[in-house]
Amino acid sequence: MDIGNYNALIGASYGEIAAHSRSSHKSQGFGSAAQRGSSIEYFEYVDGTPAKASPLEGIDTSWKRVPNSGTVQSLIAKVNQTYQMDKPESALPDLIQLYKALDQINDTYWKNEKKKEEVEKLILACAGIWFESIAKNPDYAVGDQINVDNAIIARRPDVTVQLAKLNGKEIHKTLVNNLLLKDATTISATNSTQPYWLNEPHAKGKFNVSDFNLTGYPENPNNPKVRFELLINGTAIAFDQNIQYKYTDPVRGEIYNPIVVLPQLTARSSSPLALTQNAQSVKVNLLFQKNGQDPAQSFNVKTIGAKGWEISPASFDLQFASDVSTLSKEITISPLDATVSSIDTLLFQVNQKDRLKEIKTIAYNHIPEIVYFPDVAIKMSNINLNNEVKKVAYIHGAGDLIPESLSAIGIKVDVLTGEQLLKSDLSGYDAVILGVRIFNVNKDIAQIQNRLLDYVNNGGTVLEQYNVSNGLVSKTFGPYAFSLGRSRVTDELADVHFDEKDPVFNYPNKITKADFDNWVQERGLYFAENIDKRYRTPIAIQDPGEPLHKGSLLITDYGKGKFVYTSLSFLDNYLLEFLELTDYL
C-alpha cells in the first residue's frame, strides 16, 4: 500500500500529516521531518478473506449500513452538489431538513452521538453564527456564583436567528445581521472541575472510572456551561457552550481557557518527602489556601494513613478571617519503630469528608490550560542511612526531581547553570550530578564535559544520568569511549543481577535486591553500548525473553577521581532508590 499519497482536501501528503502529528509530541522531543512522495507499506495476510486492493475491502462505510437512512443519504448528496463557497447560507434549508431527517433514524449512536452534532456545527458555520460565554475570573470554588457575560452574532444575510432562551431564561430577541447581542447570566459552581479520570485513586498503569458513560470524553462533560436555545430560520436548535475565561496576551493575542472550579480548601507541602534518618523526626510545613467567595471560613483537617507513625498535631482547625486567604501549619513526623524502613503515604481529610487537594497546572501554548487537584500526599520513610555526601552541584538537563530528593536527606545541593559551573571552583563539592538528557538539550555540554573531566582527574566524582541516543549535542560522554543505543528494560519488576561484592553495593550503605523493589514505569533506558573495558559494569538487567544488558551502570577511576554513567530510570524512581544507590556513586 502506498502511504505517501497526497490528500487534496487537506492539502498535505500523509507523510506530512504524520510528521506534524509526531512533532506535536513535544514533551519527549519527538519532532520529525516530513516525508513526501511515494512510500510503500507492506501488510501480511494472517486470517480472514485476503484483500486484493485495499485492507477495507468488503467493509461498508456508507450510510447503507444504517436503517431508514435513505432521506439522509439524498440530502447529504444534494448539499455536496449545490454548496456555494461564496454563499454558504444557501445550504441552510437542506441542512435543516437533514437535521430533522436524522430523527427518523433509530440508531441512537449515529443520530445523537455523531451526525446530529456534526450537522449542528455545519448549520452554525453556514449561518455565520458565533457565541461565547465568558466568566469574569479564571477560577472559582465549589459553591460560588459565577457571573457570565454571553455574546452571540449572526454574520450572513438572509438568515433569521432568534435567541429564544439563555440557560432557560426567556430572551426572544432576533439578531440583527452582523451585530453582537449580549446578555448576562449567573450559574452556581456545584462541582469541581477535577478531570473525571482523576476523581478516584488510579491503579498502576490505568485510571479508574466508575461511570462507564464518561469513558472517552476528552474533557468533563459536566463542566460549567450555558445553553443557547436558538430559532434558526424557524427551527429550534440548542447548543451548550462551555464557560471560559478570556484575556489578551501581548504576544499571542486573544487567549481562551476553561474556567476552573476549585475545592474550597487546598494546600501544598514544603516537601513531598518526609525522610527520617535513623529515626529522627522531621518537620513539614503546609500552606493552606481558602478558595471561594465566602469572606470567612473554618475547616477541620485530620491526618490519615499514618499507621506506624506519630504525627503532631494529628488533627487541627483552620480559621480564616475575612481578610485572610492563606494560613501555614507545621507538622512533625516521627517513626514509631526505628527498625522499620517502609514507604508510607500521609494524606489529609477536610471536615471529616473530602481529601485535601493540591492545585496543579499544565500550561503549554499549543493546548488549553489544564488544572487538576491531586491529593496532598507526603511520602514517609525511615532510612537507616550512612550519608557521607554533604555537598553536591547539580546541572539540570530536561528536568527531574533529583535535587529535591537529595535535599530531603540533608545533602546541600547547589543547582548551577552551565555558565556558573564553568566559572566555579568545583573542588568544594563531593560530587557533580548531571540531569537527564543534558547531552540532548545543553548546547554547551562539550565545554562543560571538559571542565568536569578535569574535576574528576583532580579527585572529584561525576554522575551522569541517561541521554537519548538521537539528537545529541556531543557524543563524548566520559573519559573513555562508549556509545548510546536504544535498548531499554520496560518491565519495572525485571530481575536485577548485580555483583554483590562490588564496592558500589557495600559502601557506605549495603544495597540489596530489596532496593530495586517498588520501581515504576521501567528499569532503565538508552543503555550504553560499545563500552571501553576500563569501565566496570556491575549491573545486568533484561526484559523477559531478551538478552541481558550491562549498559545501565558504568563506573571507572580517572586520575584521582571517579566517573559514573547510569541509564537506570531514577527519573521515575527518585525516592529511596535514588537516595540509597547514588549516595555512594
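Only a predicted model underlies this, so the values are computations on that prediction, with no experimental measurement involved. Per chain, the residues get numbers from 1 upward, laid out in the order the sequence is written. Local features in this predicted model are restricted to residues of pLDDT 70 or higher, and side-chain atom pairs are both shown and tallied only at a pLDDT of 80 or more, whereas totals for entire chains, interfaces and linings draw on every residue. Excluding hydrogens and water, the side-chain values take into account all heavy atoms of the structure.

Participant: Explain the pairing of strand 16 (residues 282–290) to me, and be specific about the residues and the numbers.
Facilitator: Of the two faces of strand 16, only one is covered, namely that formed by Val-282, Val-284, Leu-286, Phe-288 and Lys-290; the face formed by Lys-283, Asn-285, Leu-287 and Gln-289 stays uncovered. Whether two strands pair depends on DSSP finding at least two bridges between them. Secondary structure elements follow DSSP: runs of H or I no shorter than four residues count as helices, runs of E no shorter than two count as strands, and numbering proceeds from the N terminus. Sheet topology note: the strand 14 (residues 265–269)/strand 16 ladder contains five bridges and is antiparallel. Bridge pairing in strand 16 places Ser-269 opposite Leu-286. A simple rule labels every residue: compare its accessible area, found with a 1.4 Å probe on the protein chains alone, to the largest value its type can have, and call it buried under 20%, exposed over 50%, or partly exposed in between.

Participant: Give me the confidence of the model for the chain: which residues, what numbers.
Facilitator: When the pLDDT values of the chain are averaged, the result is 90; 97% of them are 70 or greater. Here residues 574–585 scores under 50 on pLDDT; set against residues more than four positions off or in separate chains, the count is 60 contacts. The pLDDT value expresses, per residue, how confident the predictor is, ranging between 0 and 100. Two residues form a contact once any of their heavy atoms are found within 4.5 Å.

Participant: Tell me about the nonpolar core, residues and numbers included.
Facilitator: Counting 46 residues, the largest nonpolar core has Ile-123, Ile-129, Ile-146, Ile-152, Leu-163, Phe-228 and Leu-230 as the members making the most contacts within it. Beyond its immediate chain neighbours, meaning those up to four positions away, Ile-152 contacts Ile-129, Trp-130, Phe-131, Leu-163, Leu-175, Leu-179, Leu-180, Leu-181, Phe-228 and Leu-230. Listed in part, the 32 residues of the second largest apolar core include Ile-433, Leu-463, Ala-494 and Leu-568. Take the buried residues of types Ala, Val, Leu, Ile, Met, Phe, Trp, Tyr and Cys, join any two whose side-chain atoms come within 4.5 Å, and each joined set is a nonpolar core.

Participant: Got a sec to walk through the sheet that holds strand 7 (residues 169–174)? Specific residues and values, please.
Facilitator: Pairing is antiparallel across the open sheet formed by four strands, whose spatial order is 7-6-9-10. A single partner strand is all that each edge strand has here, and the edge strands are strand 7 and strand 10 (235–242). With direction set aside, neighbouring strand axes in the sheet form an average angle of 25°. Here eight bridges tie strand 9 (residues 225–232) to strand 10, and the two strands are oriented antiparallel to one another. Directly across from Glu-229, in strand 10, lies its bridge partner Ala-238. Along the sheet, helix 4 (residues 108–127) makes contact with strand 9 and strand 10, crossing strand 10 at roughly 95°. What counts as an axis is a line fitted to C-alpha atoms, over the stretch in contact for a helix, and the angles between N-to-C directions run from 0 to 180 degrees.

Participant: Any details on the pairing of strand 20 (residues 326–335)? Residues and values, ideally.
Facilitator: Judged from the eight bridges that link them, strand 16 and strand 20 form a sheet pairing that is antiparallel. When the bridges of strand 20 are listed, Val-282 appears paired with Ile-333. Sheet topology note: the strand 18 (residues 309–312)/strand 20 ladder contains four bridges and is antiparallel. Following the sheet pairing, Glu-310 is matched in strand 20 by Ser-334.

Participant: Just give me the short version of the pattern of salt bridges, but keep the residues and values in it.
Facilitator: A carboxyl oxygen of Asp or Glu within 4 Å of a side-chain nitrogen of Lys or Arg is what we treat as a salt bridge. Throughout the structure, instances matching the rule amount to 21 salt bridges. For the salt bridge of Lys-116 with Asp-103, the shortest nitrogen-to-oxygen distance reads 2.8 Å. In this pair, Lys-116 is assigned in helix 4 and Asp-103 in the loop between helix 3 (92–101) and helix 4, connecting sequence segments 13 residues apart. Residue classification places Lys-116 among the buried residues on the basis of a relative accessible area of 12%. Here Asp-103 falls in the partly exposed class, since its relative accessible area comes to 38%. A salt bridge links Arg-355 to Asp-375; the shortest N-O distance between them is 3.0 Å. Note that Arg-355 is positioned in strand 22 (residues 354–355) and Asp-375 in the loop between strand 24 (370–372) and strand 25 (378–383), a separation of 20 residues in sequence. With relative accessibility at 25%, the residue Asp-375 sits in the partly exposed group.

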